Amino acid sequence: MKYRITILCDNTVGPLSGTIGEHGFAALVEWEGDALLFDTGQGDTLLRNAQRMAKDLHRVRQVVLSHGHYDHAGGLWQLLRICGGKEIFAHPGIFAPRYRVKDTGDALSIGIPYPEEFLIGQGARFSFSDRFREIGPGIFLTGEVPRTTPFEVGDTGLYCDAAGCAVDPIRDDQSLVIRTERGLVLLLGCCHAGLVNTIEHAREATGVGEVHAVIGGTHLGFCGNAQLEETVKALRGYDVRKILGSHCTGFHAAARLAQEFPGRFQQACVGYTVEI
Ligand SMILES: [Fe+2]
Ligand SMILES: [Fe+2]
């Protein structure tokens, strides 16, 4: 089966005129006349970019929320309002309060900007699980990803409280896994669980060793250099054919990946499409 993945929301835009960027991520997965939306961006770009790319989101029946951050789930309300009710797959912890606490002590609320009950009233039919599960033909959700590597320490500025006392482990972070003839294709939101942790979990849960592509936000832009270098080493070991970085990958990590994987790394911004 062929799957087509199109980036609808990202921090940067490509050459397609009329599309716009925002800090966030969303991608459309299409196969055999069916479609699934992975994340929704912040809410200012999803519908406009989809319309510009002639992607009718009314026909999307299923939406995945990779985790409960505003830049991935904020567009859900607009989507429901304009395109009707949807089945929403997510981890049960997505509505927890969460904050980015800066070095200055200032705290920004970065959770989902709408209560669960409000979204249900707008047509959201939530399906919560923290387990690995199949949600479409050859399409899986990782569920909660075990944190096993010692070097994937993540983003140290994220907390469960505005005072910055309790570090947010972002247990709700999950990725989409597509089993293709060429190997696994991973679609990542922010990949707060760590890219190598996520790949290992996907390989173990599917029994497929080959990793053909990783696409989306890696959060390497918010992690230290040691994590970036260990991740580069691991990606080389997996012999990943396509590394398509978006969103929180950031300039520095993207440049490093481009240098290390010439011909395999590409910036996947708004309008980027890949068929696998
Ligand atoms: Fe993000
Ligand atoms: Fe995030």
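Draft legend 1. Up close: helix α5 (residues 195–206). Taking 1.5 Å per residue, twelve residues should reach 16 Å; α5 reaches 16 Å between its end C-alpha atoms and fits that length. Inspection of α5 places Leu195, Val196, Asn197, Thr198, Ile199, His201 and Ala202 among the buried residues, and these make up the whole buried set. Check the buried side of α5 and you find it contacts β12 (176–180), β13 (183–188), β14 (211–217) and α6 (225–238). Two residues or fewer past α5, Gly207 is found with a positive phi of approximately 75°.

Draft legend 2. Looking closely at the pairing of β13. Counting buried positions over the six residues of β13 gives six, a clear majority of the element. Bridge analysis of β12 against β13 gives five bridges, and the strand direction is antiparallel. Looking across to β13, one finds that Ile178 is bridged to Val185. Hairpin connection, β12 to β13: the antiparallel pair is bridged by two residues.

Draft legend 3. Spatial organisation of the environment of Glu275. Examined against the element boundaries, Glu275 turns out to sit in strand β17 (residues 273–275). On the neighbour-count criterion, Glu275 (10 C-beta atoms within 10 Å) is exposed. Sequence separation between Glu275 and Leu195 is 80 residues, and the spatial gap between their C-alpha atoms is 22 Å. Those residues in contact with Glu275 that sit more than four places away from it in its chain are Lys2 and Arg4.

Draft legend 4. Here's a closer look at the sheet that holds strand β4 (residues 62–64). In spatial order, the strands read β8-β5-β4-β3-β2-β1-β17; together these seven strands make up an open sheet with mixed pairing. Each having just a single partner strand, β8 (124–128) and β17 make up the two edges of the open sheet. Each neighbouring strand pair of the sheet contributes to a mean axis angle of 25°, computed without reference to strand direction. Relative to strand β3 (residues 34–38), strand β2 (residues 26–31) runs antiparallel, the two sharing five bridges. When the bridges of β3 are listed, Glu30 appears paired with Ala35.

Draft legend 5. Seen up close, the pairing of strand β5 (residues 86–90). Among the five residues that make up β5, four are buried, leaving the element largely enclosed by the rest of the structure. Where β4 meets β5, three bridges bridge the pair, whose relative direction is parallel. Note that in β5 the partner of Val64 across the bridge is Phe89.

Rules and cut-offs
- Residues numbered from 1 in each chain as written.
- Chains lettered and ligands numbered in written order.
- Predicted model: local features only at pLDDT ≥ 70, side-chain atom pairs only at ≥ 80, totals over all residues.
- Helix = DSSP H or I, 4+ residues; strand = E, 2+ residues; numbered from the N terminus.
- Expected span 1.5 Å × (residues − 1).
- Buried ≥ 20, exposed ≤ 12 C-beta atoms within 10 Å, placed from the backbone.
- Contact = placed C-beta atoms within 7 Å.
- Pairing = 2+ DSSP bridges.
- Axes fitted to C-alpha atoms, helices over the stretch in contact; angles between N-to-C directions.

Keep in mind that these numbers describe shape and distance, not what the molecule does.
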